[in-house]
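Given next are the chains, with one letter for each unit.
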Protein chains: 4
Amino acid sequence: MSHGMRVDLNGDVGESFGAYSLGHDPALVPHLTSVNIACGFHAGDPDVMRRTVALARRHSVAIGAHPSFPDLQGFGRRVMQLRADEVENLVLYQLGALAGVAAAEGAAVRHVKPHGALYNAAATDSMLADAIAGAVAKFDPSLILVGLSGSELIRAGRRAGLRTASEVFADRGYRADGALVPRGEPGAVFEDATAVAARAVAMVREGGVRTSDGQRVSLTAETVCIHGDTPGAPQIAEAVRAALETAGVRVMALSAAS
Amino acid sequence: MSHGMRVDLNGDVGESFGAYSLGHDPALVPHLTSVNIACGFHAGDPDVMRRTVALARRHSVAIGAHPSFPDLQGFGRRVMQLRADEVENLVLYQLGALAGVAAAEGAAVRHVKPHGALYNAAATDSMLADAIAGAVAKFDPSLILVGLSGSELIRAGRRAGLRTASEVFADRGYRADGALVPRGEPGAVFEDATAVAARAVAMVREGGVRTSDGQRVSLTAETVCIHGDTPGAPQIAEAVRAALETAGVRVMALSAAS
Amino acid sequence: MSHGMRVDLNGDVGESFGAYSLGHDPALVPHLTSVNIACGFHAGDPDVMRRTVALARRHSVAIGAHPSFPDLQGFGRRVMQLRADEVENLVLYQLGALAGVAAAEGAAVRHVKPHGALYNAAATDSMLADAIAGAVAKFDPSLILVGLSGSELIRAGRRAGLRTASEVFADRGYRADGALVPRGEPGAVFEDATAVAARAVAMVREGGVRTSDGQRVSLTAETVCIHGDTPGAPQIAEAVRAALETAGVRVMALSAAS
Amino acid sequence: MSHGMRVDLNGDVGESFGAYSLGHDPALVPHLTSVNIACGFHAGDPDVMRRTVALARRHSVAIGAHPSFPDLQGFGRRVMQLRADEVENLVLYQLGALAGVAAAEGAAVRHVKPHGALYNAAATDSMLADAIAGAVAKFDPSLILVGLSGSELIRAGRRAGLRTASEVFADRGYRADGALVPRGEPGAVFEDATAVAARAVAMVREGGVRTSDGQRVSLTAETVCIHGDTPGAPQIAEAVRAALETAGVRVMALSAAS
């Protein structure tokens, strides 16, 4: 068994809005070590954010911002072509807004993980990635920037002098180049909790996972994402956490002292 | 000449939005000691906020948040009936958002002044006033809460343990009970810079002003508002400031050490 | 059995938005004769509206607009103080928007029922009621205006020369003055499908219903509302419809030739 | 002098929003024969739309819809990657909304011209162009679709069986391939009213114009756009109209019987 092996379990939460409820936050959060809270641009509103911060705090889960393109109707999943300075400013705005709400619960923001189309674009577009990393560094250089393992966002975070966290998706198939198999293709999504848990353990302990055609892709796995909108997300989170702990991996927040 | 007499000159700024330009910020800000920056709910967007914070900083003017009901079309001037917790959360959100943008310019938020319908409602509705004061105190108890002189908002700020600043409008007529003469009625608005300046001096030096029918209304004047959307606002600000200084009043930000 | 007795069964539908799903439209719509479709201001977006029009059309259910105050976060349930001309214009906008989407499905709008806070305010505020009725009459004077039975909105519709439909809520308690028992008070809400169905039959056949303290309140019942967000809404709709038909009442759309 | 030569003069109007004023509509509209009215997605609100329809009607100018991506902050100038069905539905929504507001002024929509990033994308993306044309045809097949001369949008309009109008920009430089010289490059914009007027006459009478390097580009010019946000737009419109009429071109709305 490896010494000092640790990983964070994160989930996107606080994605309800007004009268609309989404996700399984109360059941999911207790199994996580970090949550990424929507900041009002793709989901979330000040009331949902307050409630979600309080929930995370009750379970001693680390709080992070989940900023997005401004597109509530598209849930932040539609690409918008913005200038770098526009992206920097909207990340600052959302980060600050969450910090403001969190302050009322005596909580602080610990990390930042972009959402949806912004996350995906920042994986390959270095200018966009630098804009996001720049916003985080200017807001608070002690924050941790979470991005796709091997992505431009991780490199941008390092360039900005930030601590970064490489994220893997245990419920998603990977291609040999480290990219995710696009949804809709065979092997894109794993739904069985046991299979997902086994993949998580492989990613963390072995630093990689098999592609669908049997190749091995190397991955740095500092945080494992649990998709909160999957049916059975709480059960998957529980299974992943149990499997990791059984395998001798300490599951703890990125920001926690080791 | 009175010893230690001081006052702040504040203006609502950063009320442009996207392609839309409003106000005379670059000409007005140099004459002020504090600015109240729109936070995106009635006006302002992350880019406008960033630009406005930078402008204030260049002129060493104190930065405050100008939170509003969420009503861009109505410019925050239409009453919305929200619960107290909704108001608390939307003030936290806007305060945080501005603080986030300000951080990128190395600036900090020093005060909070609600906008439009929220300001007016908080002058008489103590529950709403407590919600606003509570948000400010939870966000940062060192912030100064600006409200209408003699209003419920000032009382709520004191109840919350905040430092408060009583605001007067030198370009507006007052009724004997301390309320503003409603726009549209005779004596509601003063447009002549010299007249406005004289009223400002009276308010600060004598602690009150004459009503249109010759009565005297007492006013605590810790900050004088210059309406930025008035034509000639920069000239009025300049005249008010010069008249105050000539009268021996030190014009300085609320947050400045005396 | 009464001759010519008829009633409409209506439901508020199309209240999903983007990634957010609300209500039980596919199960509910087949039991209704009219639907009120959200127009994007409190709920609904162009895609949801299109889908909802198509659903209604498949089941030959009459299509109506469900305009609201512009308040997505508050789901149109928060009062906003708007001028009459603002209300007239936002009703025109929403009515037109739905008609535009409906045109693509070969469907026409037949009626209008305001939503939430706008519906409630228009029940007692005759200026607001006239603004809504005016918008409908200017858009298409052949549309039917649906309002609370006995309300100002019904009177305003008549003043504007519109055909009106008096609405009753079989699942809500009434006070002796014809107002609804406020939610939260005893007797405000009936959840048992059989009880709701019996009340609907009484309202339509006897022109009234008992209050909780045994008085009788007279009600004109031209359309019965089924709340779509109640759990079991489809079952309630089915029970109400069956009970009405068993009682010899023809259940048909307001706009249907008798 | 050519027989039967005619052209339309169009302008984008109604681009104010709430407290924000943009453009010179009252001075510009009298010189035009058609106006494209913002529908609330990039600019405009129900009140602005109503006012603008009334203005157009007072001057007997043809009314058209100016639909956009949903991006008020970006004024519809930022590309959003939407599916074709999303674009179809948002065009239907905006078209209907304008028709609803126009109905209250006894006016009808006669044409549709997409705005900003949607206009530009539809010039080259045939799927997007088909989505827009499909929306227009489904809403009202008698409407005229306005697009860049030589663009995919014109071809899509023809495929959809619509009457189309090829638009030229007399104040913009063209490349030999018929595309506009991008703003910021030399020869991109003409600001002198006389020069713009001469170009308009050449485009209409000679069916083309010179590029900056002296080549000739052929253009079909059925409608000439006057940019309303240019300083001096009303004067340019007046000069263009006078020059066209002097050259024997009848300036009349697309929808006018010849």
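The preceding data block contains the structure.
Quick caveat, the model's predicted, so the values are computed rather than measured. (Residues numbered from 1 in each chain as written. Chains lettered and ligands numbered in written order. Predicted model: local features only at pLDDT ≥ 70, side-chain atom pairs only at ≥ 80, totals over all residues. Heavy atoms only, no water.)

Q: Now, about the relation of the copies chain D and chain C: what can you tell me, with residues and values included?
A: Laying chain D over chain C is done by rotating through 180° and shifting 0.0 Å along the axis; what remains is an RMSD of 0.0 Å. The operation mapping one copy onto its partner corresponds to a two-fold rotation axis. Both copies contact each other with a shared surface, as 100% of the interface residues of chain D are interface residues in chain C too. (Least-squares fit on C-alpha atoms with pLDDT ≥ 70 in both. Contact = heavy atoms within 4.5 Å.)

Q: Give me the lowdown on the pattern of salt bridges, citing residues and values where you can.
A: All chains considered together, the criterion is met by 52 salt bridges over all chains. Between E88(A) and R50(B) there is a salt bridge; the shortest N-O distance is 2.7 Å. One end of the pair, E88(A), is in helix 3 (residues 84–103); the other, R50(B), is in helix 2 (residues 46–58), on a second chain. Residue E88(A) is classed as buried on the basis of its relative accessible area of 12%. A salt bridge links K113(B) to D12(B), with the shortest nitrogen-to-oxygen separation between them at 3.2 Å. Pair noted here: K113(B) is in the loop between strand 4 (109–112) and helix 4 (116–124) and D12(B) is in strand 1 (residues 6–13), with a separation of 101 residues, a long-range link. (Salt bridge = Lys/Arg side-chain N within 4 Å of Asp/Glu carboxyl O. Helix = DSSP H or I, 4+ residues; strand = E, 2+ residues; numbered from the N terminus. Buried < 20%, exposed > 50% of the residue type's maximum accessible area, 1.4 Å probe, protein only.)

Q: So what's going on with the relation of the copies chain D and chain A? Residues and values would help.
A: When chain D is fitted to chain A, the residual RMSD is 0.0 Å, and the transformation amounts to a turn of 180° plus an axial shift of 0.1 Å. With an isologous cut-off of 70% or more, the 100% of interface residues of chain D that recur at the interface of chain A puts this contact in the isologous class.

Q: So what about the packing of aromatic side chains? Which residues, and what values?
A: Residue and element names in this part refer to chain C. Counted under the stated rule, the structure contains 16 aromatic pairs over all chains. Between F41 and Y93 the ring centres are 5.7 Å apart and the planes differ by 50°, which places this aromatic pair in the tilted class. One end of the pair, F41, is in the loop between strand 2 (34–38) and helix 2 (46–58); the other, Y93, is in helix 3 (residues 84–103), with 52 residues separating them in the sequence. For the pair formed by F41 and Y93, the shared burial category is buried. (Phe/Tyr/Trp six-rings, centres within 6.5 Å; stacked < 30°, edge-to-face > 60°.)

Q: Help me get a handle on the interface of chain D and chain C, residues and values and all.
A: Of the residues lining the interface, 22 residues belong to chain D; the matching set on chain C comes to 22 residues. Regarding the contact of chain D and chain C, the summed buried area is about 1700 Å², with carbon and sulfur atoms giving 59% of it. Here chain D and chain C share 8 residue pairs in polar contact (both at pLDDT 80 or more) between them. Of all elements in the fold, only helix 2 (46–58), helix 3 (84–103) and helix 5 (126–139) of chain D reach the threshold of two or more residues within the side of chain D that touches chain C. Ranked by residue count, the leading element in the side of chain D that touches chain C is helix 3 of chain D, at 12 residues. A class-by-class count of the residues in the side of chain D that touches chain C yields 12 nonpolar, 4 polar and 6 charged. (Buried area = accessible area lost by both parts, 1.4 Å probe. Polar contact = N/O pair within 3.5 Å; in protein donor to acceptor, adjacent residues only side chain to side chain. Nonpolar A, V, L, I, M, F, W, Y, C, P; charged D, E, K, R; others polar.)

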